[in-house]
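# Residue-level structural notes
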Amino acid sequence: MSTSTKTPTSKHPLYRGIRCRSRKWVSEIREPRKTTRIWLGTYATPEMAAAAYDVAALSLKGCHAELNFPDLAGSYPMPASLEPAFIRSAAEAAAELVKCSDVVRPTGGVEFVDEEAIFGMPNLLIDMADGMMISPPPEVGNDGPSVVDSSDSDNLWSY
C-alpha cells in the first residue's frame, strides 16, 4: 500500500490563472498551441491577478476564453498586438482598473443579501416563523363562532 502525500497547492480555489507566491498573487498564462507561458505580473490581491489573467485570456483565446470576471470583459483594455510585452502591459492596466474600483465580485461564490435590511424589517424571519405557528382561525357561521371540522372543509389547515 503506497502512501501519497499531498502538498498544499498555491493555486486560488476560485480564480483561474493565478497562484500565491510569498504572500503576493502572481498571474501567468500559457500561449495557445505552445509550451511557453506569458508572465503577467505580481499583484497585491487575487482579484487584481485574476483581472490580469482575464485580459491575457481574452486577447489570446478570444470569445472562447474562460474568464474570472465575465461581466467586466467590455471594460478591460486590450493589447495593441499579441506580443507578450503588449499583453503584459494591458494586463497591468486591467489590474489597476480592478484595484481602483469596487465592482469585482467572485463569480463562483454566493453573495449574501440581507433582506431584513433591504425591506426595513429587522425581525422578518422571526415574524414569518411566528406566523407559521398560529392556529387556524375559528369560522364564524350563522350560529356563532365554531371550530370547523377539517374533514368537511377544504382550507389551508386541512392538509
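Everything below is about the structure printed above this text.
These notes cover the structure that comes with them.

Parameters at a glance
- Residues numbered from 1 in each chain as written.
- Predicted model: local features only at pLDDT ≥ 70, side-chain atom pairs only at ≥ 80, totals over all residues.
- Heavy atoms only, no water.
- Helix = DSSP H or I, 4+ residues; strand = E, 2+ residues; numbered from the N terminus.
- Buried < 20%, exposed > 50% of the residue type's maximum accessible area, 1.4 Å probe, protein only.
- Contact = heavy atoms within 4.5 Å.
- Areas by Shrake-Rupley, 256 points an atom, 1.4 Å probe, with all protein chains shown as cover.
- Pairing = 2+ DSSP bridges.
- Expected span 1.5 Å × (residues − 1).
- Arc of directions from axis to C-beta.

### Looking at the overall build of the protein
If you tally the helices and strands in the protein, you get 4 helices and 5 strands. Element order for the protein, N to C, with α for helix and β for strand: β-β-β-α-α-α-α-β-β. Every one of the 159 residues in the protein was classed for burial, and the buried ones make up 28%. Nonlocal contacts in the protein, meaning residues at least 24 apart in sequence, comprise 38% of its contacts between residues at least 6 apart. Total accessible area on the protein stands at roughly 11800 Å², and carbon and sulfur atoms take up 56% of it.

### Side note on the pairing of strand β1 (residues 18–21)
As judged from the 4 bridges shared by β1 and strand β2 (residues 24–30), these two strands associate in the antiparallel manner. Bridging across to β2, R21 finds its partner in K24. The turn linking β1 back onto β2 is made up of 2 residues, and S22 within it adopts a positive phi angle of 55 degrees.

### Thoughts on helix α2 (residues 84–100)
Here α2 spans 24 Å end to end across 17 residues, near enough to the 24 Å set by a 1.5 Å rise per residue. Of the residues making up α2, those classed as buried are I87, A90, A91, A94, A95 and V98. Taken end-on, α2 shows its buried residues confined to a sector of 145 degrees, consistent with a single buried face. Opposite the buried face of α2, at more than 90 degrees from it, the exposed residues are A85, K99 and C100. Check the buried side of α2 and you find it contacts β3 (37–43) and α1 (46–61).

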